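Architecture and fold: a report
Spelled out from the first residue to the last, the chains are:
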Amino acid sequence: MTNSSESFDYIVVGGGSAGCALVNRLSSNPTNKVLLLEAGSKGHFLSRVPVSFSLLIDNPAANWCYRSEPEAGTNDRQIPIPRGKLLGGSSAINGLVYVRGQQLDYDTWAQLGNRGWSYADVLPFFKKMESFEKGESEYRGRSGPLLVTEVVDQNPIYEQLFKAGRALGIVRNDDYNGADQEGFARAQTTISDGRRMSADFAYLRPIRRRRNLTIKTRALVTKLLFNQKVCVGVEAMIGKSIVTFEARKEVILSGGAINSPQILELSGVGQPQILEKNNIPLVQAINGVGESLRDHIAPRLVFRITKPGIAYNDAARGMNLLKEILKYGINRSGFLNLPSAPVLGFFKTRTELAGPDIQVHFIPYRVVLENGKRKLGEEPGMTCTVNQNQPESVGSVHIKSPDPQQHPAIRYNFLSSRLDIDTLVAGVRLVRDIMNTDEMQMYCGEEMSPGSDCSSDEDIVAFIRNKAETVYHPVGSCKMGKDAKSVVDEKLRVHQIKNLRIADASIMPTLTSGNTNGPCMMIGEKCADFIMNH
Ligand SMILES: Cc1cc2nc3c(=O)[nH]c(=O)nc-3n(C[C@H](O)[C@H](O)[C@H](O)COP(=O)(O)OP(=O)(O)OC[C@H]3O[C@@H](n4cnc5c(N)ncnc54)[C@H](O)[C@@H]3O)c2cc1C
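Everything numeric here is computed off the predicted structure, so don't read it as measured data. (Residues numbered from 1 in each chain as written. Predicted model: local features only at pLDDT ≥ 70, side-chain atom pairs only at ≥ 80, totals over all residues.)

**Points about the overall build of the protein**
- The helix and strand tally for the protein stands at 13 helices and 28 strands.
- Compactness check: the protein gives a C-alpha radius of gyration of 22 Å against a globular reference of 24 Å for 534 residues, within 12% of the reference.
- If you line up the protein on its principal axes, its C-alpha atoms span 70 × 50 × 45 Å.
- Of the contacts formed within the protein by residues at least 6 apart in sequence, a portion of 70% connects residues at least 24 apart. (Helix = DSSP H or I, 4+ residues; strand = E, 2+ residues; numbered from the N terminus. Rg over C-alpha atoms; globule rule 2.2 N^0.38 Å. Contact = placed C-beta atoms within 7 Å.)

**Overview of unusual backbone geometry**
- Omega for the bond connecting Ser449 with Pro450 falls within 30 degrees of zero, at 0 degrees, which places this linkage in the cis form.
- Even without being glycine, Asp193 reaches a positive phi, approximately 50 degrees.
- Note on placement: Asp193 falls in the loop between β9 (191-192) and β10 (195-196).
- In this model, Gln228 sits at a positive phi of 55 degrees, which is unusual for a non-glycine residue.
- Relative to the assigned elements, Gln228 resides in the loop between β12 (219-227) and β13 (230-238).

**As for the sheet that holds strand β18 (residues 300-305)**
- Taken together, the six strands give an open sheet; going across it, the order is β7-β19-β20-β23-β18-β26, and neighbouring strands pair in antiparallel fashion. Edge positions in the sheet fall to β7 (183-186) and β26 (444-449), since each of these pairs with one other strand and no more. Between one strand axis and the next, the sheet turns by 25 degrees as a mean value, whatever way the strands run.
- Most of the contacts of helix α5 (residues 156-167) go to β7, to which it runs at about 165 degrees, and overall it touches β7, β19 (343-347), β20 (358-363) and β23 (381-388).
- Sheet strands touched by helix α10 (residues 418-435): β18, β19, β20, β23 and β26. Its angle to β23, the strand with the most contacts, is close to 150 degrees. (Pairing = 2+ DSSP bridges. Axes fitted to C-alpha atoms, helices over the stretch in contact; angles between N-to-C directions.)

**Observations regarding the domain arrangement of the protein**
- Assigned domains of the protein: these are domain 1 (1-56 + 82-144 + 190-260 + 474-534) and domain 2 (152-186 + 297-388 + 415-467).
- For domain 1 versus domain 2, the distance between C-alpha centres works out to 30 Å.
- With 20 residues of domain 1 at the interface, the matching set in domain 2 holds 21 residues.
- Residue classes in the side of domain 1 that touches domain 2 are distributed as 11 nonpolar, six polar and three charged. (Domains from an automatic or database assignment. Nonpolar A, V, L, I, M, F, W, Y, C, P; charged D, E, K, R; others polar.)

**Description of α10**
- The end-to-end C-alpha separation of α10 is 26 Å, in line with the 26 Å expected for 18 residues at 1.5 Å each.
- Within α10, the full set of buried residues consists of Asp420, Ile421, Thr423, Leu424, Val425, Ala426, Gly427, Val428, Leu430, Val431, Ile434 and Met435. (Expected span 1.5 Å × (residues − 1). Buried ≥ 20, exposed ≤ 12 C-beta atoms within 10 Å, placed from the backbone.)

**Some words on the site of the ligand**
- The local shell around the ligand holds 44 residues, among which Gly14, Gly16, Gly89, Gly95 and Asn515 are the closest.
- It is helix α7 (residues 256-266) that provides the largest number of residues to the shell around the ligand, a total of four residues.
- Split into classes, the residues belonging to the shell around the ligand amount to 18 nonpolar, 22 polar and four charged. (Near = placed C-beta within 6 Å.)

**What to know about the environment of Arg25**
- Following the sequence through the fold, Arg25 ends up in helix α1 (residues 17-26).
- Residue Arg25 is classed as buried on the basis of its C-beta count, with 25 C-beta atoms lying within 10 Å.
- Not counting the four nearest positions on each side in its chain, Arg25 is found in contact with Glu525, Ala528 and Met532.

**Describing the pairing of β18**
- Most of β18 sits out of view: five of its six residues are buried.
- Two elements, β18 and β23, share five bridges in a ladder whose sense is antiparallel. Residue Arg304 lies in a different strand from β23, and its bridge partner there is Gly381.
- Bridge analysis of β18 against β26 gives three bridges, and the strand direction is antiparallel. Opposite Val302, over in β26, you have Ser449 as the bridge partner.

Okay, structure coming up:
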């Protein structure tokens, strides 16, 4: 059944990191009538507790629960790809670590021809969006909607890591989102007073009663509507009904790096042979749709912690769990208030590099990650997750069916570049060097995974191929640029189409050096600025 159209100035598809930021700014002008369509629910009761990232990571009530196709580079394993499906999107289920990336990341985007995206161009938007608890500076903002705090947990192993760094000549960095990223640091988080600050809570909840804003949840956008090459609205499935919505000015896709290219292809925008195979009439050939997909693949090393009372592995079991729940209930502290990693390292594996080429997440408990499920191991340990900041391997995401409810085919082609393999091997060796310092040996024992018999480069590569999963940062599948694989221009307008933009992780020309939530919110902010001020 198709219901007739309501009409809006702007329709935003997807209420995730970028979508919420965009909707907030667009609707700040009361003359803009704005509609947000979100496929997922209004929220999940667990989402606000920081530790929920472990619980929602494979929960279909809040998650699209994608998987890659079998990957040759990872021995035909299908890599799990969690993506948030609720208001706040992936920021409502993520690990709450806040990283902007390196200045060089954005200068590279500009260097590729994207005017308006250099570090100097994006910095005002990063400052505008945040309220950093340590105060305003040349690099940081203090009056934005997104509260950013330093991790509050005070486990002594964190200081020990910094001492180990010092012994190896690695600096401690008080603000890796400031002048320079390199070094060891306490993580900055999107946690405020023990509660998750998702894009929903930062950007949407405070303004959701604006009279010019309509938010519809459980509304799956099934396709875009075109009049010739002009986007004029969207079609959505709400319950059992198909409903159309008219956009008088623009539609903005913010469905994320998996869903935005899927929606374009379902609507007839993409590679002609893929559309033809799925019986979808061609609206506009754009060969880059769904290409250029990148993510951070990340091997996880685990070391035994021998010093009692340090690892949190016991915290989530039996009476201890009750204690932790009480602690959290009383003053929002303890295990439940941890982000996915309380200490971060941004390191160079080669001295000649302009910036760190790897990131390490240090986690004071043993994580057992198997097939996308995340559990606490029984024995006390420390997990060190290593990823390469700028992987060269690129993959794709394309529809397998014209049915909008079918998951697309996601192919990463992980480890298809020699540089990616060499960098990860060097990263694994660097983590071992840190953990083998006297400072860390006072707290830690043997390497539990992969173990000391995994010693040659070939062994380490085999370990990565057999075990590594991602740190959940898919980007690039509708990348911004001017080359044959690009989909949007520097103002985020889809090539050759009028009144259609994309604002989400999919537009990134390359990955940012770190976790991607903050950069996605910045993209939402920039998109609003393009629409409202240019
Ligand atoms: C488990 C996990 C852990 C992570 N940890 C961190 C971390 O610690 N720090 C960090 O910075 N980043 C982290 N990330 C990554 C980060 O959260 C994402 O990169 C970012 O949130 C993506 O933002 P986005 O706007 O591109 O898309 P999303 O936030 O994913 O939003 C897309 C929205 O669009 C909706 N949507 C999709 N298709 C449709 C449709 N057809 N119709 C209507 N609505 C639709 C989705 O339901 C979703 O709400 C993590 C991600 C995950 C999944």
